[in-house]
Amino acid sequence: MTKPSSPRTMKTVATSWEIIHTLEKLQGAGVTELANHLDMPKGTVYTHLATLVEQKYVVKQDEKYHLGLHFLSLGEFVKRNNVLFKAGRSEVERLAEETDEYVHLVTEEHGELIYLHEVRGQNAVGKEYFEKKLEQTGYLHSSAYGKAMLAYLPEARVEEIIEKSGLPQRTEKTITSRNKLFDELETIREQGYAQNDEEEIFGTRAVGAPILDENETVIGAISLTKPTSRLQGDEFHERVPALVTSAANVIEVNIQTMKNEQINY
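Description of the structure in this document. Predicted model only: the values in this text are computed from it and were never measured. Per chain, residue numbering runs from 1 following the sequence as it is written. For a predicted model such as this one, the threshold for reporting local features is a pLDDT of at least 70, and the threshold for listing and counting side-chain atom pairs is 80 or more; totals across whole chains, interfaces and linings nevertheless cover every residue. Where side-chain values are given, they derive from all heavy atoms of the structure, hydrogens and water being excluded.

As for the overall build of the protein chain
So, point 1. Along its length, the protein chain carries 10 helices and seven strands.
So, point 2. When contacts within the protein chain are restricted to residue pairs at least 6 apart in sequence, long-range pairs at least 24 apart make up 57% of them.
So, point 3. Only the protein chains shown count as covering a residue, and every accessible area follows the Shrake-Rupley method with a 1.4 Å probe. When the accessible surface of the protein chain is split by element, carbon and sulfur atoms take 50% of a total near 14,800 Å².
So, point 4. Neither His nor the chain ends is counted toward charge; the positive residues are Lys and Arg and the negative residues Asp and Glu. For this purpose, a charge sits on NZ of Lys, CZ of Arg, CG of Asp or CD of Glu. Taking the 30 positively charged and 42 negatively charged side chains of the protein chain as two groups, their mean positions are separated by 5 Å. The helix count covers DSSP runs of H or I at least four residues long, the strand count covers runs of E at least two residues long, and both are numbered beginning at the N terminus. By the convention used here, residues are in contact when the closest approach between their heavy atoms is within 4.5 Å.

A look at the sheet that holds strand E5 (residues 194–197)
So, point 1. When DSSP locates at least two bridges between a pair of strands, those strands are taken to pair. Reading across the sheet, the five strands line up as E4-E3-E7-E6-E5 and stay open at both edges, with antiparallel pairing between neighbours. The outermost strands of the open sheet, each flanked by one partner alone, are strand E4 (112–120) and E5. Mean inter-strand twist for the sheet, computed between neighbouring axes without regard to direction, equals 25°.
So, point 2. The pairing of strand E3 (residues 102–109) with strand E7 (residues 218–227) spans five bridges and is classified as antiparallel. Residue His 104 lies in a different strand from E7, and its bridge partner there is Ser 223.
So, point 3. Axis lines are fitted through C-alpha atoms, for helices just across the contact stretch, and the angle between N-to-C directions can take any value from 0 to 180 degrees. Where helix H5 (residues 83–99) meets the sheet, its contacts fall on E3, E4, strand E6 (204–212) and E7, and the angle it forms with E3 comes to roughly 155°.

Some thoughts on helix H8 (residues 155–165)
So, point 1. The buried label goes to any residue with under 20% of its type's maximum accessible area, the exposed label to any with over 50%, and the partly exposed label to all in between, with areas taken from a 1.4 Å probe on protein chains only. Those residues of H8 that fall on the buried side of the exposure criterion are Val 158, Ile 161 and Ile 162. Looking straight down H8, one finds its buried side chains confined to an arc of 100°; they lie on one side. Those residues of H8 that are exposed and aimed more than 90 degrees away from the buried face are Ala 156, Glu 163 and Lys 164.
So, point 2. Along its buried surface, H8 packs onto E3, helix H7 (144–150) and helix H9 (178–191).
So, point 3. Of the residues trailing H8, Gly 166 is marked for its positive phi of about 75°. Picture the helix axis, draw a direction to every C-beta atom, and the arc is the one those directions span.

Section: the packing of H8 against H9
If you want to describe how two helices pack, look at the angle between their axes and the distance between the axes.
So, point 1. In the contact formed by H8 and H9, the axes pass within 12 Å of each other and the chain directions differ by 140°. As summarised for this structure, H8 and H9 are arranged oblique, according to the angle between their axes. For the element pair H8 and H9, the recorded crossing hand is right-handed. Touching Glu 155, Val 158, Glu 159 and Ile 162 of H8 are Arg 178, Leu 181, Phe 182 and Leu 185, all from H9.
So, point 2. Class assignment for the residues of the contact of H8 with H9 results in five nonpolar, no polar and three charged. Roughly parallel means an angle under 35 degrees; roughly antiparallel means over 145; roughly perpendicular covers 65 to 115; every other angle is labelled oblique. Should the near helix be turned anticlockwise from the far one by less than a right angle, the crossing is termed left-handed; should it be turned clockwise, right-handed. Three categories are distinguished: nonpolar for Ala, Val, Leu, Ile, Met, Phe, Trp, Tyr, Cys and Pro, charged for Asp, Glu, Lys and Arg, and polar for the others, with Gly belonging to the last.

Focus on the pairing of strand E2 (residues 64–67)
So, point 1. Note: strand E1 (residues 58–61) against E2, four bridges, orientation antiparallel. From the neighbouring strand, Gln 61 faces E2, where its bridge partner is Lys 64.
So, point 2. Taking the residues between adjacent antiparallel strands as the criterion, E1 and E2 are bridged by two residues, where Asp 62 takes a positive phi near 55°.

Some details on the pattern of salt bridges
So, point 1. Criterion for a salt bridge: a side-chain nitrogen of Lys or Arg within 4 Å of a carboxyl oxygen of Asp or Glu. Within the structure shown, the criterion is met by 19 salt bridges.
So, point 2. With its nearest N and O atoms 3.0 Å apart, the salt bridge here joins Glu 101 to Arg 230. Placement of the pair is Glu 101 in the loop between H5 and E3 and Arg 230 in the loop between E7 and helix H10 (233–264), with a sequence separation of 129 residues.
So, point 3. Glu 101 sits in the buried class, given a relative accessible area of 3%.

Here we look at a nonpolar patch on the surface
So, point 1. The patch calculation keeps residues exceeding 30% relative accessible area without a salt bridge and links them within 9 Å when they carry like charges or within 5 Å when they are nonpolar (Val, Leu, Ile, Met, Phe, Trp, Tyr). Together, Met 10, Val 13 and Trp 17 line one region of the surface with nonpolar side chains, adding up to about 320 Å² of accessible area.
So, point 2. Assignment of secondary structure puts Trp 17 in helix H1 (residues 11–26).

Points about the packing of aromatic side chains
So, point 1. Each pair of aromatic rings taken from Phe, Tyr and Trp, with Trp reduced to its six-membered ring, is defined by centres within 6.5 Å and is described as stacked if the planes are under 30 degrees apart, edge-to-face if over 60, and tilted in the remaining cases. Evaluated as defined, the whole model comprises five aromatic pairs.
So, point 2. When the ring of Trp 17 is compared with that of Phe 71, the centres are 6.3 Å apart and the planes differ by 65°; the resulting orientation is edge-to-face. Linking Trp 17 in helix H1 with Phe 71 in helix H4 (residues 70–80), this pair joins segments that are 54 residues apart in sequence.

Quick word on unusual backbone geometry
Peptide bonds are trans in most cases, and residues, glycine excluded, mostly fall at negative phi.
So, point 1. Of note in the backbone geometry, Asp 100 takes a positive phi value of approximately 65° without being a glycine.
So, point 2. Looking at the secondary structure, you find Asp 100 in the loop between H5 and E3.
So, point 3. Despite not being glycine, Glu 198 shows a phi value in the positive range, around 60°.
So, point 4. For Glu 198, the position within the fold is in the loop between E5 and E6.
So, point 5. On the accessibility criterion, Glu 198 (11% relative accessible area) is buried.

Some points on the pairing of E4
So, point 1. When E3 meets E4, the two strands line up antiparallel, connected through eight bridges. Bridge pairing in E4 links Glu 108 to Leu 113.
So, point 2. Hairpin connection of E3 to E4: two residues between the antiparallel strands, including His 110 at a positive phi of 55°.

What follows is the structure in C-alpha cells.
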C-alpha cells in the first residue's frame with residue numbers, strides 16, 4: 001500500500017510510482033494482481049495504469065501491463081547529461097582495458113548507490129551479478145565504492161543513511177556495526193581509498209576511490225573488482241589502490257576542465 005504522503009507531496013503521484021515499482025518487481029502484472037499486491041481498489045489501479053499507458057511509460061500486452069521503453073530513453077538522457085558520467089566514462093574504459101577486470105563508476109542519491117557506468121575486462125568475473133546490479137540501486141556500506149563515498153560525506157549525512165537503510169549483512173564479512181563502520185571510514189580518509197574484502201560477494205575483493213569536486217565534496221567513486229585469488233598482498237594494498245586513486249584524480253581534473261570550458265564559452 002502507498003506510504004502516507006507528507007503535506008507537500010501528492011498522493012496520486014506517489015501511487016503511480018508505487019505501481020511503476022511494483023511492475024518492475026513483478027516483471028509485469030494484470031490489474032487484479034497489482035490491486036491485490038498493493039492492497040488498492042482495482043478501479044484506482046486501472047485509472048493509474050490507463051494514465052501511464054497514455055503517457056507511454058507503460059504498455060499492455062496480453063492482459064498484462066509492463067514498463068515501457070520510454071524509461072530507457074529517459075534514463076539514457078539523464079545519464080549522458082550527468083557531468084560525472086561524461087568526465088569519467090573514458091577513464092573507466094581505459095582502466096578496465098589496462099587491467100582486464102571490472103571497473104565501476106558510481107554516485108550516491110537519496111542515500112542509495114547509483115551505477116553510472118561499468119566496463120568488464122577480459123578476465124573479469126561476476127558478469128551476471130554486476131549486470132543485474134545495473135538495474136537496481138544499492139547499499140553503500142558493503143562495497144568499496146560505497147564506503148569511499150560514505151567516508152567523505154558529512155557525518156550527519158552518514159547517520160541519516162544508516163537510519164534509513166540500515167546496515168544489512170551481505171556476507172559474513174559485511175560491516176553491520178555502526179561504530180565499526182565509522183572506524184573504517186576514518187581509515188579510508190587517512191589512506192585515500194576504500195577496500196572491500198569479500199563484504200559484498202564471497203570470493204571477490206575491490207578497491208574504490210572517492211571523486212571530489214573543487215570544494216572537496218564527494219560526487220562519486222570509481223572502483224576495480226577482482227577475484228580474491230588475484231587481489232592479495234601488494235596488489236590489494238599498493239598497486240590497485242594506486243591505479244584507482246590515479247583514475248579518480250584524472251576524473252576530477254576532467255570535471256574541472258569541463259566546468260572551466262563552460263565558463264569560458
